[in-house]
Amino acid sequence: AQSVTQLGSHVSVSEGALVLLRCNYSSSVPPYLFWYVQYPNQGLQLLLKYTTGATLVKGINGFEAEFKKSETSFHLTKPSAHMSDAAEYFCAVSLASGYSTLTFGKGTMLLVSP
Amino acid sequence: NAGVMQNPRHLVRRRGQEARLRCSPMKGHSHVYWYRQLPEEGLKFMVYLQKENIIDESGMPKERFSAEFPKEGPSILRIQQVVRGDSAAYFCASSRADEQYFGPGTRLTVT
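Residues numbered from 1 in each chain as written. Chains lettered and ligands numbered in written order. Predicted model: local features only at pLDDT ≥ 70, side-chain atom pairs only at ≥ 80, totals over all residues. Heavy atoms only, no water.

### What to know about the packing of aromatic side chains
What the rule picks out here adds up to 12 aromatic pairs over all chains. Considering the side-chain rings of Tyr50(A) and Phe67(A), the 4.3 Å spacing of their centres and the 25° angle between planes classify their relative orientation as stacked. In this pair, Tyr50(A) sits in strand β5 (residues 44–50) while Phe67(A) sits in strand β7 (residues 64–68), placing the two residues 17 residues apart along the sequence. The class for Phe67(A) is buried, based on a relative accessible area of 10%. Seen from their ring centres, Tyr33(B) and Tyr48(B) are 4.5 Å apart, and the 5° between their planes marks the pair as stacked. With Tyr33(B) in strand β4 (residues 31–37) and Tyr48(B) in strand β5 (residues 43–50), this pair connects stretches of sequence that are 15 residues apart. Accessibility classification places Tyr33(B) together with Tyr48(B) in one group, the buried group. Taken together through their ring pairs, the aromatic side chains of Phe34(A), Tyr36(A), Phe90(A), Phe104(A), Tyr35(B), Phe45(B) and Phe102(B) make up a single cluster. (Phe/Tyr/Trp six-rings, centres within 6.5 Å; stacked < 30°, edge-to-face > 60°. Helix = DSSP H or I, 4+ residues; strand = E, 2+ residues; numbered from the N terminus. Buried < 20%, exposed > 50% of the residue type's maximum accessible area, 1.4 Å probe, protein only.)

### Section: the sheet that holds strand β1 (residues 3–7) of chain A
All names here are of chain A. Taken together, five strands build an open sheet; the order of strands is β1-β3-β8-β7-β6 and the sheet is antiparallel. Single-partner strands in this sheet number two, and they are β1 and β6 (56–58). Along the sheet, successive strands turn relative to each other by an average axial angle of 20°, direction set aside. For β6 and β7, the ladder comprises three bridges, and the chain directions are antiparallel. For Val57, the partnering residue across the bridge sits in β7 and is Ala65. (Pairing = 2+ DSSP bridges. Axes fitted to C-alpha atoms, helices over the stretch in contact; angles between N-to-C directions.)

### Here we look at the nonpolar core
Counting residues in hydrophobic clusters, the biggest one holds 26 residues, and the most contacted among them are Trp35(A), Leu48(A), Leu76(A) and Tyr89(A). Contributing elements (two or more residues each) for this core: β2 (10–14), β3 (19–26), β4 (31–38), β5, β7, β8 (73–78), β9 (87–95) and β11 (108–113) of chain A. Residues contacting Leu48(A), with those up to four places away along its chain left out, are Leu33(A), Phe34(A), Trp35(A), Val57(A), Lys58(A), Gly59(A), Phe63(A), Glu64(A), Ala65(A), Phe74(A) and Leu76(A). Ranked by size, the runner-up nonpolar core spans 23 residues in total, among them Met26(B), Trp34(B), Leu49(B) and Leu108(B). (Core = buried A, V, L, I, M, F, W, Y, C linked by side-chain atoms within 4.5 Å. Contact = heavy atoms within 4.5 Å.)

### Observations concerning the layout of surface pockets
If you add up the space inside the largest pocket, you get close to 530 Å³. Lining the largest pocket are 23 residues, and of these Gln38(A), Glu88(A), Met109(A), Gln37(B) and Glu40(B) lie nearest its centre. For the lining of the largest pocket, the secondary-structure elements that each account for two or more residues are β9 of chain A together with β9 (88–95) of chain B. A total of three residues in the lining of the largest pocket trace back to one element, the largest contributor, which is β9(A). (1 Å grid on protein atoms, 1.4 Å probe; cavity = no way out; pocket = protein on both sides within 12 Å on 5 of 7 lines; lining within 4 Å. Points joined across faces, edges and corners; volume = space filled by probe spheres on them.)

### Side note on the sheet that holds strand β3 (residues 19–24) of chain B
Residues and elements named next belong to chain B. Pairing is antiparallel across the open sheet formed by four strands, whose spatial order is β1-β3-β8-β7. Of all strands in the sheet, those bounded by a partner on one side alone are β1 (5–7) and β7 (65–68). Averaged over neighbouring strand pairs, the angle between their axes works out to 15° when direction is ignored. In the sheet, β3 pairs with strand β8 (residues 75–79) via five bridges, with the strands oriented antiparallel.

### Some thoughts on the interface of chain A and chain B
Taken together, the contacts link 20 residues of chain A with 23 residues of chain B. Where chain A abuts chain B, roughly 1700 Å² becomes buried across the two surfaces, and 53% of that area is made up of carbon and sulfur atoms. Counting the contacts that link chain A with chain B gives one salt bridge. Here Glu99(B) and Lys49(A) are joined by a salt bridge, their closest N and O atoms 2.9 Å apart. There are five residue pairs in polar contact (both at pLDDT 80 or more) connecting chain A and chain B. Of all elements in the fold, only β4 and β5 of chain A reach the threshold of two or more residues within the side of chain A that touches chain B. By residue number, the principal contributor to the side of chain A that touches chain B is β4(A), which donates four residues. When the residues that make up the side of chain A that touches chain B are grouped by side-chain class, the tally is nine nonpolar, nine polar and two charged. (Buried area = accessible area lost by both parts, 1.4 Å probe. Salt bridge = Lys/Arg side-chain N within 4 Å of Asp/Glu carboxyl O. Polar contact = N/O pair within 3.5 Å; in protein donor to acceptor, adjacent residues only side chain to side chain. Nonpolar A, V, L, I, M, F, W, Y, C, P; charged D, E, K, R; others polar.)

Following this line, the structure appears as C-alpha cells:
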C-alpha cells in the first residue's frame, strides 16, 4: 500500500520569498512521484514528476522537487513566490509501472501576500 | 488537441435521484480514472477503466456507484439514489502512459 503525507494544510509566504511545500511518501516498491496544482474550481495541472534518473526534477512555473529516497521525501520548492502561485498543491505517488492509480496527499494551500 | 472534457461542470440532484457524470478522454488515450474530492480532503481514487473493461474498482463504494467506458462514447460514472454524503467534486483523468491528465471536474451537490 502507498500513502502520502503533506505537512501543513496551509503555508503562507510573502511575494518574493522561498516556497517550500513538504511531502513524504510511503511505498513498498519504487515509486513514481508527482506534484499537481489546483486553482479554484479547476482541475489538476501537473507541475512535475519523478520517474527514474535525476533526483532533482524541474517543472513548470519555476518549481522543482528533489526525490530523497533515504528520507522518503519529495519536497516542492520555488526560489521566489509570485502572487499567481497562490493555489492548492497536491503531492501524489503511484507504482513505478505506468498505468497506475495515483494516491494523493490531502493538499497544501499556498497563500502569497504582497 | 482538446484536453479531458467533463460534463456537466455542476450538477444538482435531490436525495434519491440519479447522477450521471461524463468524461471524454484526450484523443488517443484509452485509459480513464475517476477520483472523488471531498471538502478538506485530497483526491481519492475510485475506479480505473480501459475501453469496455474495468481494471480496478477497489476505490468504488460497493453500492449505488457504477462506471463504464464503452467502445464508443465517453466514460460514465453513475450514482444511483444519491445521498448528501455524495456531494463532492468528481474528477476524471486519462492517460496513455505514466502521466494522467485531469479534466475540470463535475461538482455534484445533493440537496
